[in-house]
Amino acid sequence: MQMTRKIIRYISDHSLSVEEISAATGVEAVILQEEVRALNASELLEICQYLKLDPWSLFDP
């Protein structure tokens with residue numbers, strides 16, 4: 001869930017539209033607003049690609 005939390009925080013911190021991201025990636029908006037469940041790998045990569053965000057930047061060293 002840590003990665004999901006980080007994506008939710010990133011979206012919030014950058015005032016991005018959850019609905020727009022959801023429409024473009026196919027990931028349910030509720031998952032991007034609340035920590036309902038963890039993002040699976042393909043969802044995480046799809047969102048990172050949309051946000052032009054390196055997935056490795058979300059990992060803690």
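What counts as what
Residues numbered from 1 in each chain as written. Predicted model: local features only at pLDDT ≥ 70, side-chain atom pairs only at ≥ 80, totals over all residues. Heavy atoms only, no water. Buried < 20%, exposed > 50% of the residue type's maximum accessible area, 1.4 Å probe, protein only. Helix = DSSP H or I, 4+ residues; strand = E, 2+ residues; numbered from the N terminus. Arc of directions from axis to C-beta. Contact = heavy atoms within 4.5 Å. Phe/Tyr/Trp six-rings, centres within 6.5 Å; stacked < 30°, edge-to-face > 60°. Core = buried A, V, L, I, M, F, W, Y, C linked by side-chain atoms within 4.5 Å. Salt bridge = Lys/Arg side-chain N within 4 Å of Asp/Glu carboxyl O. Axes fitted to C-alpha atoms, helices over the stretch in contact; angles between N-to-C directions. Left-handed = near helix turned anticlockwise from the far one by under 90°. Nonpolar A, V, L, I, M, F, W, Y, C, P; charged D, E, K, R; others polar.

K.L.:
How should I be thinking about helix H2 (residues 18–25) in this particular structure?
P.N.:
Because each turn of an α-helix spans 3.6 residues, side chains separated by three or four positions end up pointing in the same direction. Among the residues making up H2, those that are buried are Val-18, Ile-21, Ser-22 and Thr-25. Projected down its long axis, H2 shows its buried positions confined to an angular sector of 100°, all on one face. With respect to the buried face of H2, the exposed residues turned more than 90 degrees away are Glu-19, Glu-20 and Ala-23. Looking at the buried residues of H2, the elements they touch are helix H1 (2–13), helix H3 (29–33) and helix H4 (41–51). Looking at the residues trailing H2, positive phi occurs at Gly-26, about 85°.

K.L.:
Is there a simple way to explain the packing of aromatic side chains in this structure?
P.N.:
Geometrically, a pair of aromatic rings is defined through the distance of the ring centres and the angle of the planes. Counting across every chain of the model gives 1 aromatic pair. Relative to Phe-59, the ring of Trp-56 has its centre 5.0 Å away and its plane inclined at 35°; by these criteria the two rings are tilted. For Trp-56, a relative accessible area of 63% corresponds to the exposed category. The partly exposed category is assigned to Phe-59, whose relative accessible area is 43%.

K.L.:
Hey, could you run me through the nonpolar core in this one?
P.N.:
Within soluble globular proteins, side chains that are nonpolar generally end up buried alongside one another. Core analysis: the largest hydrophobic core is formed by 15 residues, its most contacted members being Ile-7, Leu-32, Leu-39, Leu-44, Ile-47 and Leu-58. Looking at this core, the element that brings in the most residues is H4, giving 4 residues. Not counting the four nearest positions on each side in its chain, Ile-47 is found in contact with Ile-7, Thr-25, Val-27, Leu-32 and Leu-39.

K.L.:
How should the pattern of salt bridges be read in this particular structure?
P.N.:
Opposite charge on two side chains makes pairing possible when the charged atoms of those side chains draw close. This model, assessed by the stated rule, comprises 2 salt bridges. Note that Arg-5 and Glu-35 form a salt bridge whose closest N and O atoms lie 3.0 Å from each other. One end of the pair, Arg-5, is in helix H1; the other, Glu-35, is in the loop between H3 and H4, with 30 residues separating them in the sequence. Residue classification places Arg-5 among the partly exposed residues on the basis of a relative accessible area of 38%. Under the relative-accessibility criterion, Glu-35 is labelled partly exposed at 30%.

K.L.:
Just to check I follow, could you spell out the packing of H2 against H4 for this structure?
P.N.:
A pair of packed helices is captured by two measures, namely the crossing angle of their axes and the spacing between those axes. Where H2 contacts H4, the two axes come as close as 10 Å, and the packing angle between them is 115°. Relative to H4, H2 is oriented so that their crossing is right-handed. Together, Glu-20, Ile-21, Ala-24 and Thr-25 of H2 and Glu-46, Ile-47, Tyr-50 and Leu-51 of H4 make up the contact between the two elements. Partitioning the contact of H2 with H4 into residue classes produces 5 nonpolar, 1 polar and 2 charged.

Honestly, it's all geometry; don't read function into it.
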